[in-house]
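# Per-entry structural report
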Amino acid sequence: MCPPFLSMKIIRRIVVFFFASTLCAVVLYRFIPVVITPLMVIRTIEQLKDGESLSWHHSWRSLDKISPALSSAVVASEDQRFYMHHGFDFDAIKKAAIHNKKGKRIHGGSTISQQTAKNVFLWPGRSWVRKGLEAYFTVLIELFWPKDRIMEVYLNSIEMGPGIYGAQAVAREHFHKDADQLNRSESALIAATLPNPRRYSSKNPGPYMQKRQRQIMRWMK
């Protein structure tokens, strides 16, 4: 059994290593493309466990090579105050909490910054530990990344369909074009899938998706 002072020393080293490594990762990703995320790995493992054929489509594109319409669509759909808040939209969180208390379909209050933190550094889930780490990484990326970088990483890392990650992949797989060629209608359709891209498809949209698409296009104006 380790003496108490040794245990505290080990704990301090672990804490220092955690903060140093996470800070380095955030600073590094400020400048280099994010080519792989924990979610991509998790989905691949799930495919293997379920006996499915492996599907992993992802290709990094800088923000200037992604249609501005897609940025507008995801802001309109996911986080209308993205360029005004500092990582957390407390009004949206409050509204989501009130809505969820009514026992209806659960709404989240996550911003694009929070979703980016989760996608790049963490795993899916609703545990308090995961949410706490998400808040921590959200603060870091808001401190070290400009808003355009957050948007760039978000559009390149977000899951947009089964085995499809990022704007370029969904543009190629669903619309047979590059991400910079997506129009307003296609961008709104992609944004409409984001609450659950494994359930809703921008390739074969049903009536609900088409309704959401029209709504997002109105918000984009």
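Whatever comes next refers back to the structure up there.
Reading the values: the criteria
Residues numbered from 1 in each chain as written. Predicted model: local features only at pLDDT ≥ 70, side-chain atom pairs only at ≥ 80, totals over all residues. Heavy atoms only, no water. Axes fitted to C-alpha atoms, helices over the stretch in contact; angles between N-to-C directions. Helix = DSSP H or I, 4+ residues; strand = E, 2+ residues; numbered from the N terminus. Parallel < 35°, antiparallel > 145°, perpendicular 65-115°, else oblique. Left-handed = near helix turned anticlockwise from the far one by under 90°. Contact = heavy atoms within 4.5 Å. Nonpolar A, V, L, I, M, F, W, Y, C, P; charged D, E, K, R; others polar. Pairing = 2+ DSSP bridges. Salt bridge = Lys/Arg side-chain N within 4 Å of Asp/Glu carboxyl O. Buried < 20%, exposed > 50% of the residue type's maximum accessible area, 1.4 Å probe, protein only.

Below, the discussion takes up the packing of helix H3 (residues 68-78) against helix H9 (residues 184-193). Between H3 and H9, whose axes approach to 8 Å, the crossing angle comes to 40 degrees. Classed by the angle they form, the pair H3 and H9 counts as oblique. Considering how the two elements wind past one another, H3 and H9 form a crossing that is right-handed. From H3, Ala69, Leu70, Ala73, Val74, Ser77 and Glu78 reach across to H9, where they touch Arg184, Ser187, Ala188, Ile190 and Ala191. In the contact of H3 with H9, the residues fall into seven nonpolar, two polar and two charged.

The strand order across the open sheet built from three strands is S1-S3-S2, with neighbouring strands paired in mixed fashion. This sheet does not close on itself; its edge strands, each paired only once, are strand S1 (57-58) and strand S2 (159-161). Here S2 pairs with strand S3 (residues 164-165) via two bridges, running antiparallel. Looking at S3, one finds that glycine 161 is bridged to isoleucine 164.

Our next topic: the pattern of salt bridges. Under the counting rule described, the total for this entry stands at eleven salt bridges. Note that arginine 130 and glutamate 134 form a salt bridge whose closest N and O atoms lie 2.7 Å from each other. Placement of the pair is arginine 130 and glutamate 134 together in helix H6 (residues 128-144), with a separation of four residues, close to one helical turn. For arginine 130, a relative accessible area of 3% gives the class buried. Judged by relative accessible area, glutamate 134 falls into the buried class, the value being 2%. The salt bridge partner of glutamate 134 is lysine 131, with a shortest N-O separation of 3.3 Å. With glutamate 134 and lysine 131 both in helix H6 and three residues apart, the pair spans about one turn of that helix. Connected via shared salt-bridge partners are Arg43, Glu46, Glu159 and Arg198.

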